[in-house]
Amino acid sequence: MPPVFAHGRLRLYLLKLLDEAPRHGYEVIRLLEERFQGLYAPSAGTVYPRLAKLEAEGLVTYATEGGRKVYSITEAGRAELADRGGELADLELEIRDSVTELAAEIRNDVRGAAGDLRRELREAASASATQVEDESWKAAKEELRKARQEWKEQARRAKDESRRAREEAQQARRQAKEAQERAREEVQRIAVQLQEQFAKSGGVLGSLAGAWLGGGATPAAPTAPAPAPAADADADADAHVGWAEDLVPSGDPARDLDRLLDRFRDEVRDAARDHGVSAAQVAEARVGLATAVARLRATLRAG
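Rules used in this analysis
- Residues numbered from 1 in each chain as written.
- Predicted model: local features only at pLDDT ≥ 70, side-chain atom pairs only at ≥ 80, totals over all residues.
- Heavy atoms only, no water.
- Salt bridge = Lys/Arg side-chain N within 4 Å of Asp/Glu carboxyl O.
- Helix = DSSP H or I, 4+ residues; strand = E, 2+ residues; numbered from the N terminus.
- Buried < 20%, exposed > 50% of the residue type's maximum accessible area, 1.4 Å probe, protein only.
- Pairing = 2+ DSSP bridges.
- Axes fitted to C-alpha atoms, helices over the stretch in contact; angles between N-to-C directions.
- Parallel < 35°, antiparallel > 145°, perpendicular 65-115°, else oblique.
- Contact = heavy atoms within 4.5 Å.
- Nonpolar A, V, L, I, M, F, W, Y, C, P; charged D, E, K, R; others polar.
- Expected span 1.5 Å × (residues − 1).
- Polar contact = N/O pair within 3.5 Å; in protein donor to acceptor, adjacent residues only side chain to side chain.
- Phe/Tyr/Trp six-rings, centres within 6.5 Å; stacked < 30°, edge-to-face > 60°.
- Lys NZ or Arg CZ within 6 Å of the ring centre and 35° of its normal.

A.B. asks: Please clarify how the pattern of salt bridges should be interpreted in this entry.
C.D. replies: A side chain with one charge may pair with a side chain of the opposite charge, provided their charged atoms come close. Applying the stated criterion across every chain, the model contains 27 salt bridges. Note that arginine 11 and glutamate 57 form a salt bridge whose closest N and O atoms lie 2.6 Å from each other. Of the two residues, arginine 11 is situated in helix H1 (residues 9-20) and glutamate 57 in the loop between helix H3 (44-56) and strand E2 (60-65); the sequence distance between them amounts to 46 residues. The salt bridge partner of aspartate 90 is arginine 173, with a shortest N-O separation of 2.2 Å. In this pair, aspartate 90 is assigned in helix H5 (residues 85-127) and arginine 173 in helix H6 (residues 135-199), connecting sequence segments 83 residues apart. We classify aspartate 90 as partly exposed; its relative accessible area is 29%. What makes arginine 173 partly exposed here is its relative accessible area of 44%.

A.B. asks: Please clarify how the pairing of strand E3 (residues 68-73) should be interpreted in this entry.
C.D. replies: Look at any regular strand and the pattern is simple: side chains alternate between the two faces of the sheet. As defined by bridge partners, strand E1 (residues 23-24) adjoins E3 across two bridges and the pair is classed as antiparallel. When the sheet's bridge partners are listed, arginine 23 is paired in E3 with tyrosine 71. Pairing between E2 and E3: six bridges, direction antiparallel. Residue pairing for E3: glutamate 65 is matched across the bridge by arginine 68.

A.B. asks: Help me understand the packing of H1 against H3, please; the structure alone is not making it clear to me.
C.D. replies: In helix packing, the relevant descriptors are the interaxial angle and the interaxial distance, both defined with respect to the helix axes. Where H1 contacts H3, the axes come no closer than 10 Å and their chain directions differ by 75°. As summarised for this structure, H1 and H3 are arranged roughly perpendicular, according to the angle between their axes. Taken together, the residues of H3 that come into contact with H1 (itself represented by Leu10, Arg11, Leu14, Leu15 and Leu18) are Thr46, Val47, Arg50, Leu51 and Leu54. The residue inventory of the contact of H1 with H3, partitioned by class, reads seven nonpolar, one polar and two charged.

A.B. asks: Honestly, the sheet that holds E1 in this entry has me stumped. Any pointers?
C.D. replies: Within a sheet, neighbouring strands are paired by backbone hydrogen bonds and run either parallel or antiparallel to one another. Strand order in this open sheet of three strands is E1-E3-E2, and the pairing throughout is antiparallel. The open sheet terminates on both sides in strands that have one partner only, identified here as E1 and E2.

A.B. asks: Which parts of the structure should I look at to understand helix H9 (residues 253-275)?
C.D. replies: What sets the pattern is the α-helix's 3.6 residues per turn: residues three or four places apart point alike. Between its terminal C-alpha atoms H9 stretches 33 Å, which fits the 33 Å expected from 23 residues at 1.5 Å a residue. Buried within H9 are the following residues: Asp256, Leu257, Leu260, Phe264, Val268, Ala271 and Ala272. Sitting at the amino-terminal end of H9 is aspartate 252, which places a side-chain oxygen 3.2 Å from the backbone nitrogen of alanine 254. Following H9 by one or two positions, glycine 276 has its phi on the positive side, about 85°.

A.B. asks: It is not clear to me how the packing of aromatic side chains should be interpreted in this structure. Could you clarify?
C.D. replies: The description of an aromatic ring pair uses the distance of the two centres, along with the angle that the planes make with each other. The final tally for this structure, using the stated rule, is one aromatic pair. For the pair tyrosine 62 and tyrosine 71, a centre-to-centre distance of 5.8 Å together with 55° between the ring planes defines the contact as tilted. Judged by relative accessible area, tyrosine 62 falls into the partly exposed class, the value being 35%. Sitting over the face of the ring of tyrosine 62, lysine 69 holds its NZ or CZ atom 4.5 Å from the ring centroid.

Written out as structure tokens, the structure reads:
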């Protein structure tokens, strides 16, 4: 069969099976055989060493029940499974293709066997036309009928499994894309709200960059900041519209978040350079940034 489980993929699929429910080794072997519609079954020498290695790496654990080791996935195992979600979706598609190929091979074998059987029957009929309807001929026809029925059943199961695997993989990819888009939109929304709050305070962004990010001292008691000119406030308020939309998603939400934070830091430092920093502005900036950090933490934890 095609090497679907090459390069650690059997390890990944074992984590998937254990994520569905705790299982003992024999049950894992039986489930793999079912997923391949009985066309492939791994040996105990293939599955048990990999379960032991996963247990040694802290990705699975086991409890003894009735003299058997029942394996369960750990939080570390679930984390690896989540990190490799895209690879798992591709693996499901490859399993579907493998089942289809194996079904095709069986179909060809059945056709070849049926052709040989028909040829032998014709030869037998030519040798003795008077015995065409005897018991051996009836048995041969029944054998051919069973072979055809078995091939049809295997083909039907392979088709159903192929469709199910394709639908699951498409759903997994769609959910991953939606989660990435939601995370990006939430980060941008909070960044925009933070900019709006800072824009109302005039030079607060510059104050934060100069005294906090730049290493300046924080005053013990803040004083009221001087109001910003109306023209500058309007310009800062408009600046958030479409903020960071030029940053094309990379496919990695963690990397996209780092890029947004880099953009925010650069804009803060530019504001500090252009407008200057006061101790009162630093104090007010610290309050606004603390609020933004709390909201970002809550959002990321909820995600």
